[in-house]
Structure formats: structure tokens, C-alpha cells
Amino acid sequence: MIEITSHSETTILIGVTRSGEDPATTQEHLDELSFLIETAGGIPGKRFVQRLEYPDPRTYIGSGKLLEVSAYILQHKTDLAVFDDELSPSQIRNIEKEFNCRIIDRNNLILDIFARRARTSTARTQVELAQCEYLLPRLTGRWTHLEKQRGGIGLRGPGEQEIETDRRYLRWRIKLLKRKLKEIDKQKATQRKKRGQLVRVALVGYTNVGKSTIMNLLSKSEVFAEDKLFATLDTTVRKVVIHTQPFLLSDTVGFIRKLPHALIESFKSTLDEVRESDILLHVVDISHPDHEEQIGVVKQTLVEIRAADKPTIMLFNKIDACHPEPKDPDDLTPPERSNLNLEELQRIWIAREHVPSVFISAIEKTHVDAFRDLLVAEVRKIQQTQWPENC
Ligand SMILES: Nc1nc2c(ncn2[C@@H]2O[C@H](COP(=O)(O)OP(=O)(O)OP(=O)(O)O)[C@@H](O)[C@H]2O)c(=O)[nH]1
Ligand SMILES: [Mg+2]
């Protein structure tokens, strides 16, 4: 399915600031889009933002802006225009008529990254199903004329081969992949049943917050961790023993704003690990300027996968990267998300979250003992209610 090229593409980024939305928020979203483009091997270039009540249903941005961007593309080397929202099939067709370069939307970019990063057969099957589902309503002429070019961002996967541009082929492939995933689901469910009477703890959180680093810290395992988005696509489960208390710890795929629905659907068997866990360890990158929005996205995704309402520990990570100093009393700069120091952030989040919370640095191993004590106390509570005879 996957043909990875190291070919670096020059991109432009296009976003819309909706009415009532702060322009700074749009820029933060475009920062994330840049990170996604880099993760996919591209080079983020110029940004175009338009203020609109809502995106234009025909062309996403208005006609004047469309002309401005199209003139820019003609004058500067641009391989790819990336839109920070999902585009409808007809928006794609209309914009393609105006732009002299390929266009992709945020969903296509995320799917491309997942395709690049999928290593196990389960992850590959899940990503391919999501790609096929995404592509089916979007089969247009571009796939037939582009398939012969070298692969690039958004071109990997089912769009590349001539036969795969055929709708009937995609439908057949979707059926086959679904059948394969059903089989995988069954096997994983049997594996989970065999694990016996152990409390299950699942690491969840936005992508790149440090989940795998924490998994490695607690379990002394070697899960792949890296400063890229979606380093982890599959679930790893390890038995961990803290203060003689054993339990199971799982690390899985991270969440992101507007995670394509097709991905959530097809990652069912990976996410079952979260759904069937007893305790959620919600990891947050407290040093990230958008951490508040990220917490909201994770909570919303947990609702979507029907895994909310579980006992949760909020694990605020990367405290080493926060503003360390309490503010000088003479500094009258109004507090903003980006200039709050660690002490202020702790106060805000302890008051807001009514669940056990702990602030650590997984890299510098700060407050890790306090975190272990808290975790083991929560595990024991569950153990005592579920299997009192074992305590
Ligand atoms: N400064 C700092 N960096 C950290 C800390 N913990 C993890 N990181 C870094 O954050 C990056 C992401 O870490 P991962 O453990 O891969 O994060 P993840 O949540 O598993 O990410 P995905 O699997 O991509 O969703 C890596 O470069 C880590 O070294 C920390 O406490 N402080
Ligand atoms: Mg990870």
C-alpha cells in the first residue's frame, strides 16, 4: 500500500478565521499544520488566512483570495497547497481548476502521515481502510493523471496505482479490509481475555505530549518516542509492577484536533484497549501554548470512542519546558496563555480538574515518585473493588 519517497515538497498553508474566532488561534492551528507538513516530509511555506463568517461552500476561501493565492502559485515554486480543514469533493474540484499545483486538505495530510508511520500489519490495514473510505467519494480526474507522477504527500496509498483509481476496486478493497479487521478484532479480544485479573491502565492524550516516554519510564521498555506527530500508531501493552502491585499499562495512538472520522472508525481495535481499560492516564504537554484546547480535544475524542467516564488521572508533563520563574510583582504584563508560569498553571488546573492531578517531567524525572505513588493508590482502589479476594 505504501510507497514512501524522501522527496521534499514546497507547500503553502491556507486557513480561515471564522467570525468570533481569535486570529491568534488560527495562527496556532497553522503552526500545528506546519508541524504535520514537516512530519509528512514537506517544507511549510507561506501562509494565507482569510477572515470569513464561515468557509465558502464552493471554494473554501472567497474568490478574491483565490485569485491572490493562484497568482502567488504562478510566481513561486509551489508543489502543494494544504488547507487546514476538510474540503468537500466539490470544493476540491473547484479549487483544482484555479490552482496550478496539487491541493490536499488536513484529513488527507493526517492520513498520509498515518500511512507513512504504520509499521504493523494491524496499523497498515486500519490506515488503508481509512484511506479508501476517504478517497471513494473524492475520485476525480486528478487521481488518474497524477498517479503516474512520483509519489508525494497525499499521493501514497490507494491513489497511486491505475487500478486503484477505480471505484469498484475501492469498494471491493474496503469490504476485504473490513473483513480482515473483524478477524484482527476477534484475535485482540481473545488476547485481552487471556490477560487475567489485572487492572488495566491506558495512557491517552494529544499527539507528541510524551505518552511513550512515560510508558518507557514506568515499564523500562523501549517504545518508540520521537519529536514528530504520531510516532505511535499501534498499542503496546506491558505488565508493570510498582511497590509490589502489578497492573497492565498500554500506550496507544495520540489524538489531534479534527481527527478524520474514518480513522477513528478504522482504529477501533487499537482503541478498544482504551475503551476496555479501568483507569485513564490523561497526559498533557503543559508547556504547549495550546494545551487547554488539546485537553478539550482529548476529552471530546474519549466521548466519541465511548471511553469517557472512567477513573482518570491528569498527568501534566514537560514541566521542565514551562516558564519557571514566578512573575516579578512589578511586571504588569497581563497574564496570557503563553506567559503563565508553572505555579500559575498548577493553580488553574488543580482548581479546574476534579480528578487526581500530578505535574512531572518525564525527561528530567521530576516528581516521578509522587506520580508512581498516586498511580499505584488508584490501581489498588480498582483492584480492591473488582477482585477483593486477591488483595
Ligand atoms: N521537554 C520535555 N520533553 C519531553 C518530555 N517527555 C517527552 N518529551 C519529548 O516529547 C516528544 C514526544 O514524546 P513521545 O513520548 O513520543 O510522545 P507521544 O505522546 O508518545 O507521541 P505520539 O506517539 O506521536 O502521539 C519527544 O521528543 C520526547 O523526548 C518532558 O518531560 N520534557
Ligand atoms: Mg507515542
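Preceding this section is the structure that the text describes.
Below is a short write-up of the structure. Being a predicted model, the structure only gives us computed values, none of them experimental.

Conventions we followed
Residues numbered from 1 in each chain as written. Chains lettered and ligands numbered in written order. Predicted model: local features only at pLDDT ≥ 70, side-chain atom pairs only at ≥ 80, totals over all residues. Near = placed C-beta within 6 Å. Helix = DSSP H or I, 4+ residues; strand = E, 2+ residues; numbered from the N terminus. Nonpolar A, V, L, I, M, F, W, Y, C, P; charged D, E, K, R; others polar. Pairing = 2+ DSSP bridges. Axes fitted to C-alpha atoms, helices over the stretch in contact; angles between N-to-C directions. Contact = placed C-beta atoms within 7 Å. Buried ≥ 20, exposed ≤ 12 C-beta atoms within 10 Å, placed from the backbone. Parallel < 35°, antiparallel > 145°, perpendicular 65-115°, else oblique. Left-handed = near helix turned anticlockwise from the far one by under 90°.

**Focus on the site of ligand 1**
Okay, step 1: Near ligand 1 lie 23 residues; those nearest to it are Gly-210, Ala-225, Asp-227, Thr-232 and Gly-254.
Okay, step 2: Examining the composition of the shell around ligand 1, we find that 3 residues originate from one element, helix H8 (residues 211–219), more than from any other.
Okay, step 3: Residues belonging to the shell around ligand 1 are distributed by class as follows: 8 nonpolar, 10 polar and 5 charged.

**Focus: the sheet that holds strand E8 (residues 279–285)**
Okay, step 1: Taken in spatial order, the 6 strands make up an open sheet running E6-E7-E5-E8-E9-E10, and their pairing is mixed. Of all strands in the sheet, those bounded by a partner on one side alone are strand E6 (236–242) and strand E10 (357–359). The average angle at which neighbouring strand axes cross in this sheet is 25°, direction not considered.
Okay, step 2: Along the sheet, helix H11 (residues 291–304) contacts strand E5 (200–205) and E8; its crossing angle with E8, the most-contacted strand, is approximately 155°.

**Considering the pairing of E5**
Okay, step 1: In terms of residue burial, E5 counts as a mostly covered element, since 5 of its 6 residues are buried.
Okay, step 2: Strand direction decides the pairing type here: E5 and E8, joined by 5 bridges, are parallel. Residue pairing in the sheet places Gly-205 in a bridge with Val-283 of E8.

**So, the packing of helix H7 (residues 167–193) against helix H10 (residues 268–275)**
Okay, step 1: Packing of H7 against H10 leaves a shortest axis separation of 9 Å and a crossing angle of 30°. By the angle between their axes, H7 is roughly parallel relative to H10. Read as a crossing pair, H7 and H10 show a hand that is right-handed. Listed contacts from H10 to Leu-181, Ile-184, Asp-185 and Lys-188 of H7 are Lys-268, Ser-269 and Asp-272.
Okay, step 2: Each residue belonging to the contact of H7 with H10 can be placed in one class, and the counts come to 2 nonpolar, 1 polar and 4 charged.

**So, unusual backbone geometry**
With the exception of glycine, the majority of residues adopt a negative phi angle, and the majority of peptide bonds are in the trans configuration.
Okay, step 1: For Lys-258, which is not glycine, the phi dihedral falls at a positive 50°.
Okay, step 2: Among the structural elements, Lys-258 can be located in the loop between strand E7 (245–251) and helix H9 (261–266).
Okay, step 3: The partly exposed category is assigned to Lys-258, around which 14 C-beta atoms lie within 10 Å.
Okay, step 4: At Asp-309, a residue that is not glycine, the phi angle is positive and equals roughly 60°.
Okay, step 5: Here Asp-309 is to be found in the loop between H11 and strand E9 (312–317).
Okay, step 6: For Asp-309, a count of 9 C-beta atoms within 10 Å translates into the label exposed.

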